[in-house]
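Spelled out from the first residue to the last, the chains are:
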Amino acid sequence: MSNVLITGASRGIGAAAARLFAREGWDVAIHYNRSGGKALELSGELLKLGGRAVPVQADVSDPEQAARAVREAEAALGGLDAVVCNAGTALPQQLLTDTTDEEWRRVMGADLDGVFYILRAAIPGMVRQKRGAIVTVSSMWGVTGGSCEAPYSAAKAGVIGLTKALAKELGPSHIRVNCVAPGVISTGMNRHLSPEDLEALSEETPLGRIGAPDEVAQAIWFLASDRARFLTGQVVNVDGGMVI
């Protein structure tokens, strides 16, 4: 039996990943910040699959809360074989010059600092085990940059840099570190987009549609699993061909 902590697992891509890991026989620590009801509901759903599912609460932008969440997950599951850093947030599209200090810090705190805080707490246990897999979740904007998406693009680009650096740093400890960079996915983060916006984005995508959370979850699970045992430091674009 393998154990995984998934941040931002109460909905969207994180919830889809939690369901897939559970179906594949993993025990899952379901991290959430404010969506406690959704996390408890998902935990009950996963328990019916026969494994363990443990909700853990934390604001990952707070180093003490992030470290506590890792400790709780390790204690509940008996260590961690994988960590998926999926938690994040975004701003409405706006110019960089219209972005306040508070907005910049909020995005950096959730999308980049939170990855650092979670992994800083989780890596020592993996190093002691001499094994493990880390999967970070960036974005196509972390690869290409997005107009009027400067804070989000910067944070997600930082996630890619952190992923590659850790792949080199942790390889000697037999810990793999990879990244998934989703394109336009049908999640709550894109609920501000109009039907016309979504149609235009579909037309810009070579595969002719936007993606589903489960399609990103498949890539996350693959990178965490032994099927990807010789992959590390990679960025997998799950974007229907938007970034080629």
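Above this text is the structure in question.
Scoring rules and cut-offs
Counting from 1, residues in each chain are numbered in the order their sequence is written. Note on the predicted model: pLDDT of at least 70 is required for a residue's local features to be given, and 80 or more for side-chain atom pairs to be given and counted; whole-chain, interface and lining totals, by contrast, use all residues. Only heavy atoms go into the side-chain values, all of them from the structure, while hydrogens and water stay out. The criterion for an aromatic pair is that two Phe, Tyr or Trp rings (for Trp, the six-membered ring) have centres within 6.5 Å, with stacked assigned to planes under 30 degrees apart, edge-to-face to planes over 60 apart and tilted to the rest. Exposure categories follow from relative accessible area, calculated using a 1.4 Å probe and restricted to protein chains: below 20% of the type maximum is buried, above 50% is exposed, and the middle band is partly exposed. Only DSSP runs of H or I reaching four residues or more are called helices, and only runs of E reaching two or more are called strands; each is numbered from the N terminus. Think of it this way: DSSP has to see at least two bridges between two strands before they count as a pair. Looking down the strands as they point away from you, a crossover is right-handed if its path from the first strand over the helix to the second goes clockwise. Axis lines are fitted through C-alpha atoms, for helices just across the contact stretch, and the angle between N-to-C directions can take any value from 0 to 180 degrees. Throughout, the term roughly parallel applies to angles under 35 degrees, roughly antiparallel to angles over 145, roughly perpendicular to angles from 65 to 115, and oblique to all others. What makes a crossing left-handed is the near helix being turned counterclockwise from the far one by less than a right angle; a clockwise turn instead makes it right-handed. Contacts are residue-level and defined by heavy atoms, with any inter-residue pair within 4.5 Å sufficient. Classification convention: Asp, Glu, Lys, Arg as charged; Ala, Val, Leu, Ile, Met, Phe, Trp, Tyr, Cys, Pro as nonpolar; all other residues, Gly among them, as polar. Just to be clear on terms, a salt bridge is a Lys or Arg side-chain nitrogen sitting within 4 Å of an Asp or Glu carboxyl oxygen.

Focus: the packing of aromatic side chains
Right, on to step 1. Scanning the model with the defined rule gives two aromatic pairs in all.
Right, on to step 2. Their ring planes at 90° and their centres at 4.9 Å tell us that Phe-21 and Trp-26 sit as a pair that is edge-to-face. Side by side, Phe-21 and Trp-26 carry an identical accessibility label, which is buried.
Right, on to step 3. On the basis of an interplanar angle of 45° and a centroid distance of 5.3 Å, the ring pair of Phe-116 and Tyr-117 is categorised as tilted.

Remarks on the pairing of strand β5 (residues 132–137)
Right, on to step 1. Counting buried residues along β5, six of its six residues qualify, which places the element largely inside the surrounding structure.
Right, on to step 2. Every second residue of β5 is oriented toward a common face, with Gly-132, Ile-134 and Thr-136 on one face and Ala-133, Val-135 and Val-137 on the other, all of them buried.
Right, on to step 3. Bridging between strand β4 (residues 82–85) and β5 involves four bridges; their strand directions are parallel. Among the inter-strand pairings, Cys-85 is bridged to a residue of β5, identified as Thr-136.
Right, on to step 4. Chirality of the crossover, the property in question, places the unit of β4, helix α4 (residues 101–129) and β5 among those that are right-handed.

Points about the packing of helix α1 (residues 12–23) against helix α8 (residues 213–224)
Describing two packed helices takes the angle between their axes plus the distance from one axis to the other.
Right, on to step 1. Close contact between α1 and α8 brings their axes to 8 Å; oriented N to C, the two are set at 55°. The pairing of α1 with α8 is recorded here as oblique in orientation. Judged by the sense of rotation from one axis to the other, the crossing of α1 with α8 is right-handed. For the pair α1 and α8, contact is made by Gly-12, Ile-13, Ala-16, Ala-17, Leu-20, Phe-21 and Arg-23 and by Pro-213, Asp-214, Val-216, Ala-217, Gln-218, Ile-220, Trp-221 and Ala-224, respectively.
Right, on to step 2. Each residue belonging to the contact of α1 with α8 can be placed in one class, and the counts come to 11 nonpolar, two polar and two charged.

Observations regarding unusual backbone geometry
Right, on to step 1. One non-glycine residue, Cys-148, lies in the positive phi region at around 65°.
Right, on to step 2. When you line up the elements, Cys-148 lands in the loop between α5 (140–144) and α6 (150–170).
Right, on to step 3. Phi is positive for His-174, which is not a glycine, with a value near 65°.
Right, on to step 4. Tracing the sequence through the fold places His-174 in the loop between α6 and β6 (175–182).
Right, on to step 5. Classification of His-174 by relative accessible area gives exposed; the value is 55%.

As for the pairing of β6
Right, on to step 1. Most of β6 sits inside the fold, with eight of its eight residues counted as buried.
Right, on to step 2. Relative to β6, β5 runs parallel, the two being bridged by six bridges. Paired with Ile-134 across the bridge in β6 is Val-177.

Some words on the pattern of salt bridges
Right, on to step 1. Under the counting rule described, the total for this entry stands at eight salt bridges.
Right, on to step 2. Glu-45 is the partner of Arg-19 in a salt bridge, and the nearest nitrogen-oxygen pair spans 2.7 Å. Taken as a pair, Arg-19 in helix α1 and Glu-45 in helix α2 (residues 36–47) lie far apart in primary sequence, 26 residues in all.
Right, on to step 3. Judged by relative accessible area, which is 35%, Glu-45 ranks as partly exposed.
Right, on to step 4. Taking the shortest distance from any N to any O, the salt bridge between Glu-215 and Arg-209 comes out at 2.6 Å.

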